[in-house]
Structures are given as structure tokens and as C-alpha cells.
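Structure assessment
Read off the chains here:
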Amino acid sequence: MVFTTDTGNHKPELDNNGDPVTLKVVPFDTSIHMGKEVVANGINGSAKCAPPQEKFEIDYEFGEPLSRPPVPIKEQAVDCLKSCFSFETVKSRLPIIKWLPKYNLFSLQCDVIAGMTVGLTVIPQSLAYAGIAGLPPHYGLYSAFICTFVYCILGSSKDITLGPSAIASLITASFATSISPTLPNGEKDATMPIFLALTTGVIFCLMGFFKLGIIVSYISYPVINAFSSAAAITIAVSQIKTLLGLKGIPNDFIESLIDICRKLHTTNVWDLTMGMTCIVVVILLKKLREIKWKDDPDTPPSTGALILRKCIFICGASSTAIVVILASAVLAILESQGVYSLTPTGKIRPGMPTVRVPDFVVHTGNVTITTPEMFAKLGAGIIIIPIICLIEAMAVGKYFARVNQYKLDPTQELYSYGVGNIITAFFQGYTVTGTFSRTAINAQCGVKTPLGGVLTGIIVIISLFFLTPLFYYIPKCALAAVIIAAVLAMVDFNTIKMIYKANKMDLIPYALTFICTLVIGIQWGIFVGIGMSIFMLLYPIARPKMLFSSQQGFFIVTPPPTG
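The structure displayed is predicted, hence computed values, not measured ones. (Residues numbered from 1 in each chain as written. Predicted model: local features only at pLDDT ≥ 70, side-chain atom pairs only at ≥ 80, totals over all residues. Heavy atoms only, no water.)

**Thoughts on the overall build of the protein**
Of regular secondary structure, the protein possesses 21 helices and 10 strands. Taken over 563 residues, the protein has a buried fraction of 42%. When contacts within the protein are restricted to residue pairs at least 6 apart in sequence, those whose partners lie at least 24 apart make up 77%. Surface accessibility of the protein: about 31400 Å² in total, with carbon and sulfur atoms responsible for 66%. (Helix = DSSP H or I, 4+ residues; strand = E, 2+ residues; numbered from the N terminus. Buried < 20%, exposed > 50% of the residue type's maximum accessible area, 1.4 Å probe, protein only. Contact = heavy atoms within 4.5 Å. Areas by Shrake-Rupley, 256 points an atom, 1.4 Å probe, with all protein chains shown as cover.)

If you want it as C-alpha cells, here you go:
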């Protein structure tokens with residue numbers, strides 16, 4: 001349809017009788033016959049012979065939609081079930097079927113080295129991350145082992161290692177542990193964090209079923225980067241109180257900074273000295289895995305040199321475990337000499353967790369929280385923690401998939417994270433996700449398949465059975481140093497320069513996300529940044545700059561150029 005601004009300055013066309021030509025729109029019937037018949041074309045009267053291979057007849061009246069006969073619901077259900085339980089579907093949902101038949105001795109050797117190295121790293125990190133989540137240390141170990149077995153079966157990445165992470169632990173503390181009642185022994189009740197892990201797993205599975213992994217693509221890079229940097233700073237500040245041996249410091253970022261400044265005169269010098277030493281040693285040892293050996297292309301290195309290089313790399317990759325072991329030895333020696341100046345981790349509950357269905361009601365003393373009240377108290381955390389965990393896991397997964405040249409299936413990853421969290425909740429663990437530091441170690445160790453994660457889980461199980469008495473001697477300041485050294489790598493201010501050169505307007509959501517995450521809270525900063533990013537994207541669309549003009553009686557609207 002054409003609209004014109006005709007002012008009557010031109011003359012209408014005339015027919016042979018001198019009358020103005022009038023156009024009329026009338027309904028008409030069209031019949032198309034395809035077969036051996038000869039069909040007359042209704043426009044110019046010509047005749048055409050249709051191909052004799054098939055016969056197809058359509059009677060279509062203008063104004064009525066062309067429709068196909070509906071497929072019975074029963075047939076649709078049968079087709080859906082067949083597709084769900086076909087071998088190809090099962091094969092795509094169980095990636096272990098693809099790589100296990102090709103498994104060989106060389107892959108086993110690489111997976112054993114990677115699994116042991118990551119296992120030595122995950123134990124001290126899990127103990128430390130449980131403290132960030134506000135839970136006793138053994139809950140970190142409960143969260144670190146069963147999910148590795150699940151990911152071995154369902155995961156589509158050879159590099160990703162599931163387990164507790166710094167950001168997931170911090171969000172768990174913000175939404176679940178902070179609202180949990182306190183037990184008589186002074187510890188927080190773990191029902192809410194475990195329940196949050198269960199709901200996170202269910203949401204992951206639903207997102208996988210509806211293939212919603214693509215929503216991560218709509219969160220801009222500046223927002224993700226700013227959130228990660230601000231969260232890392234928040235985590236580091238939360239560990240300063242432990243590094244200094246201070247007590248009674250709140251978890252809020254601003255309040256904790258103020259209280260730390262007020263109580264600096266009560267600093268435990270032993271804890272501070274040990275903690276700072278551990279940070280320096282961890283950073284220096286990590287440099288060992290970044291050494292680039294320069295070999296003569298005509299003379300390959302000897303077997304002994306290769307073994308020595310591998311040992312040096314493993315020492316660098318296991319820097320966390322080495323530092324924690326040395327610090328524990330120092331504390332044990334001091335206490336044997338009657339010096340009790342360093343703060344130990346304390347007794348850790350030995351043995352495997354009790355496997356049971358997560359509680360849907362909290363019963364602690366005189367406090368009873370029903371299931372609807374649990375959902376109400378968790379609030380936005382039910383949505384926030386799956387999104388944040390998905391962002392963290394997919395960011396690291398896509399990076400190493402691109403580096404190592406293999407395909408990552410986002411939908412399958414959602415299923416693996418979902419089932420991993422659900423089963424972890426049955427083993428009394430809290431929310432798990434793909435972690436950057438341990439995944440990086442796994443990839444650098446040359447892991448070949450997800451089977452490396454199984455060995456990591458076995459090492460955690462062994463530690464639960466036999467090593468928990470030794471965990472008493474781990475200094476708390478050493479665990480704080482491990483966390484600070486790990487999260488410092490997440491702070492990336494070089495991105496600001498890159499964003500400035502690419503698009504200066506992207507600095508607005510970056511700065512807003514960074515500031516709000518620190519000031520308002522980690523649980524809301526990400527949504528403020530996403531909201532600003534979406535607003536900046538939609539505003540030009542809602543208020544486009546259109547060009548209007550009139551030419552030869554027509555009103556012309558020209559949209560702005562794109563690209």
C-alpha cells in the first residue's frame with residue numbers, strides 16, 4: 001500500500017473512451033492443478049503442461065490462510081519420545097560415550113598427572129572457600145568431590161573442573177548463610193546453602209531443557225569484567241581480617257574496611273607475617289609454570305631434562321598445596337614448642353558426609369523456617385547465583401575450548417552443572433561451578449579427558465577419611481593468603497584501556513557495575529550493570545534519528561544508517 005501527498009497537480013490516466021482509469025481490488029479464487037492436465041494461465045491466457053511425475057491440487061481463496069491438516073497429539077508425543085530416547089540423543093547427552101572408546105594409556109598418564117595436581121590445589125582452596133561462604137571448612141570438601149564424577153560423565157569440556165569457587169561462595173554467603181540461624185556451637189546452619197545448591201541445580205537443568213544458555217551472550221563484556229574485578233576485590237578485603245588476625249569484622253565491604261582501620265592496633269603480628277610470606281611464596285611458585293624453555297631445534301631435550309621440567313611445572317601448579325603444607329609444618333613445630341601465636345583452622349569433621357535428601361524445612365532450636373519462607377528469604381538469590389555461576393563457568397569453558405580447539409556444548413554444560421549441583425546437595429555440599437584457577441591448572445597439565453576430574457575427587461575423598469586431623473594445623477592466615485593470591489588474578493584493569501579505545505560509552509556500564517558491586521553489594525551490582533547495558537542498547541532503537549522529506553508528492557521517511 002502506498003500513501004501519497006497528492007495535491008492534484010498531475011492529470012489521471014485515461015482509457016480509450018476518455019474516462020479516468022479506475023483500479024478495483026476484488027477477491028478472486030485461484031486453482032493450481034499440477035499433473036498431466038493442461039492449465040490455462042489466468043493472466044495472459046497461455047497454456048502450460050505440468051510435469052507428469054506428481055499431481056498436487058490446491059484450492060486457495062484470497063484472504064484465507066493456507067493450512068495443513070493438524071497432526072494428532074498422540075503422534076506428536078510418540079515422535080517426541082522417540083527423539084528423546086534415540087541413540088543419538090543419548091550419545092549427545094552422555095559425552096563419555098564419545099571419548100571413552102578412544103581412551104588409551106597416554107591419555108591416562110596425562111589425566112593422572114592433571115588430576116593429582118588439581119587435587120592438591122582443590123583441598124586448601126575448598127577449605128578456604130567454605131570460610132568465604134560462612135560455613136565450617138568440611139562443607140568445602142563436601143562440595144569438591146562428587147561433582148567431579150558427575151562432570152566426567154556429562155561434561156563436554158576436557159578442561160573444566162567443577163567445585164566451589166570464590167564468587168559462588170561469596171554469593172552463597174550473601175543470600176543463604178547470612179540469613180541462616182546460628183547453631184549452639186557458634187556455626188551457621190547449612191540447610192539454606194544446601195537448599196540453594198539444589199534449586200540452582202534444578203534451574204540449570206530447566207535452562208538446559210529450554211536451551212537458555214544463550215542468555216549469557218546478552219550480558220556485555222564490560223559488565224562481566226567489572227563484576228569479576230569488583231567481586232575479587234570484595235573477596236580479598238573479606239580475607240584481610242583473617243590475614244591480620246582480627247575478630248568481629250562484618251562482611252559488608254564498606255563496614256569491614258572501616259572496622260579494619262579501627263582495629264589495626266590489635267593485629268596479630270604472627271598471622272600477618274605468616275600470611276604475607278605465604279602470598280609472596282604462592283605468587284613466586286606460580287611463576288614456575290609459566291617458564292618458557294628455549295631448546296635447540298636440532299637437539300631435542302633429554303628424557304631427564306623433560307622429567308625435571310615436568311616436576312618444576314607441577315611444583316608451580318601445586319603452589320597452593322606446597323605453601324599450605326609448609327605453613328602447617330611451621331604451626332605444628334611452634335605448638336610443639338609451646339608457642340600458640342598462630343591461629344589454626346581447628347578441628348574438621350572427619351569422614352564422608354551423610355547422603356540424604358536436602359531438608360526443605362529449617363529446625364534449629366526455637367527457629368523453624370518452612371519451605372515457602374525459605375524461598376522468600378533466598379529471594380533473588382535463586383536467580384542470581386545460577387546466572388553468575390553460568391557466566392563464570394561458560395567464560396572459562398569457552399576460553400579453553402577456543403585455545404585447545406574443541407567444541408563446547410552450552411546446553412550439555414547446563415545439564416552437567418545442574419545434575420552436579422543437585423547431587424552435591426544430596427552430599428551436603430553448597431553451590432558448585434566451573435572454576436578458573438583449577439581449570440587453568442588442569443589445561444596446563446595437559447589433561448586429555450574429563451577423567452582427570454575423577455582422580456581429583458578421589459584425592460578429596462582420601463583427605464576426608466585420613467587427613468582431616470592434619471587439617472587442624474593449617475593456619476587460617478595461610479588459607480586467607482591462598483584466597484588473596486587466587487583472586488588477585490581476577491582483577492583486570494587493563495580492560496579499561498581496551499574498552500576506551502573500542503567504545504568509550506561502554507565505560508559507563510563498566511564503572512556503574514564496578515561501583516555498585518562494591519558499594520551496594522555483590523548480589524545487586526551485576527543486575528545494575530545489566531540494566532544499564534540494556535538501556536544503552538535499547539534507547540537508540542526507541543528514539544531513532546529519522547530523516548523526513550517530501551518529493552514529488554510522496555512523504556519519505558529515511559531510517560538512520562546502520563553499522
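Moving on from the coordinates now.
**Focus on the environment of Ala380**
Mapped onto the elements, Ala380 comes out in the loop between helix H13 (371-378) and helix H14 (381-404). Taking C-alpha positions, Ala380 is 8.5 Å from Gln523, a pair spaced 143 residues apart along the chain. Contacts of Ala380, omitting those with residues within four sequence positions, involve Phe175 and Trp524.

**What about the side chain of Thr449?**
Residue position: Thr449 is located in the loop between helix H16 (436-444) and helix H17 (451-471). Among the residues examined, Thr449 registers a relative accessible area of 7% and is labelled buried. Among the polar contacts made by the side chain of Thr449, one reaches the side chain of Asp111 at a distance of 2.6 Å. (Polar contact = N/O pair within 3.5 Å; in protein donor to acceptor, adjacent residues only side chain to side chain.)

**What about the confidence of the model for the protein?**
Counting all residues, the mean pLDDT for the protein is 83, and 86% of those residues have values of 70 or more. Counting interchain partners and residues more than four positions distant, the pLDDT-below-50 stretch residues 1-10 has 9 contacts. Per-residue pLDDT stays below 50 along residues 23-64; that stretch engages in 38 contacts with residues further than four places along the chain or on separate chains. (pLDDT = per-residue confidence, 0-100.)

**Quick word on helix H15 (residues 410-426)**
With 17 residues, H15 extends 25 Å from end C-alpha to end C-alpha; this agrees with the ideal 24 Å at 1.5 Å per step. With 12 of its 17 residues buried, H15 lies for the most part within the structure. Immediately downstream of H15, the backbone of Gln428 shows phi near 65 degrees, a positive value. (Expected span 1.5 Å × (residues − 1).)

**Re the nonpolar core**
Counting residues in hydrophobic clusters, the biggest one holds 80 residues, and the most contacted among them are Ile123, Leu127, Ile235, Leu390 and Tyr417. Tallying contributions element by element places H14 first for this core, with 10 residues. For Leu390, the contacting residues outside a window of four places in its chain are Phe204, Met207, Val216, Leu414 and Tyr417. (Core = buried A, V, L, I, M, F, W, Y, C linked by side-chain atoms within 4.5 Å.)

**Quick look at the pattern of salt bridges**
In this structure the tally under the stated criterion is 3 salt bridges. With its nearest N and O atoms 2.9 Å apart, the salt bridge here joins Asp159 to Lys158. Between Asp359 and Arg356 there is a salt bridge, with its nearest N and O atoms 3.3 Å apart. Residue Asp359 is classed as partly exposed on the basis of its relative accessible area of 34%. (Salt bridge = Lys/Arg side-chain N within 4 Å of Asp/Glu carboxyl O.)

**Side note on the packing of aromatic side chains**
Applying the stated criterion across every chain, the model contains 14 aromatic pairs. Between Phe145 and Phe427 the ring centres are 5.7 Å apart and the planes differ by 90 degrees, which places this aromatic pair in the edge-to-face class. Here Phe427 lies in the loop between H15 and strand E8 (433-434) and Phe145 lies in helix H5 (residues 138-154), a separation of 282 residues in the sequence. Like Phe427, Phe145 is buried. Measuring from centroid to centroid gives 5.9 Å for Phe204 and Tyr417, while their planes differ by 65 degrees, and the two rings are edge-to-face. Here Phe204 is found in helix H7 (residues 191-209), whereas its partner Tyr417 is found in helix H15, with 213 residues between them in sequence. The buried category is assigned to Tyr417, whose relative accessible area is 1%. Over the ring of Tyr500 we find Lys504, and its NZ or CZ is 4.7 Å from the ring centre. (Phe/Tyr/Trp six-rings, centres within 6.5 Å; stacked < 30°, edge-to-face > 60°. Lys NZ or Arg CZ within 6 Å of the ring centre and 35° of its normal.)

**Overview of unusual backbone geometry**
A negative phi angle characterises most non-glycine residues, just as the trans form characterises most peptide bonds. Phi angles above zero are rare outside glycine, and Lys211 is one such case at about 55 degrees. Turning to its location among the elements, Lys211 is positioned in the loop between H7 and helix H8 (221-244). The exposure class of Lys211 is exposed, given its relative accessible area of 56%. For Gln405, which is not glycine, the phi dihedral falls at a positive 60 degrees. Structurally, Gln405 is set in the loop between H14 and H15. Relative accessible area serves as the criterion here: at 72%, Gln405 is assigned to the exposed category.

**Describing the pairing of strand E9 (residues 547-551)**
With respect to burial, E9 is a largely exposed element, only 0 of its 5 residues being buried. Judged from the 5 bridges that link them, E9 and strand E10 (residues 554-558) form a sheet pairing that is antiparallel. Paired with Leu547 across the strands is Thr558, a residue of E10. Counting the residues that bridge the hairpin from E9 to E10 gives 2 residues, and of these Gln552 lies at a positive phi of roughly 55 degrees. (Pairing = 2+ DSSP bridges.)

**Some points on a nonpolar patch on the surface**
Judged by side-chain polarity, Val202, Leu206, Phe209, Phe210, Leu212, Ile214, Ile215 and Tyr218 come together as a nonpolar surface patch covering roughly 830 Å² of accessible area. Tracing the backbone through its elements, the reader meets Phe209 in helix H7. (Patch = residues over 30% accessible without salt bridge, like charges linked within 9 Å, V, L, I, M, F, W, Y side chains within 5 Å.)

**Brief notes about the packing of H14 against H15**
Angle between the axes and distance between the axes are the two parameters that describe a pair of packed helices. Between H14 and H15, the least distance of the axes is 11 Å, while the angle of their chain directions is 125 degrees. Between H14 and H15, the interaxial angle falls into the category oblique. With respect to the hand of their crossing, H14 and H15 are arranged in right-handed fashion. Contacts between H14 and H15 involve Leu390, Ala393 and Met394 on the former and, on the latter, Pro410, Glu413, Leu414 and Tyr417. For the contact of H14 with H15, a count of residues per class yields 6 nonpolar, no polar and 1 charged. (Axes fitted to C-alpha atoms, helices over the stretch in contact; angles between N-to-C directions. Parallel < 35°, antiparallel > 145°, perpendicular 65-115°, else oblique. Left-handed = near helix turned anticlockwise from the far one by under 90°. Nonpolar A, V, L, I, M, F, W, Y, C, P; charged D, E, K, R; others polar.)

**Here we look at the side chain of Thr517**
You can see Thr517 is positioned in helix H20 (residues 507-519). A polar contact of 2.6 Å, which involves the side chain of Thr517, links it to the backbone oxygen of Thr513. In this view, Thr517 contacts Phe227, Ala230, Ala231, Thr234, Ile522, Gly525 and Ile526; residues no more than four positions away in its chain are not counted.

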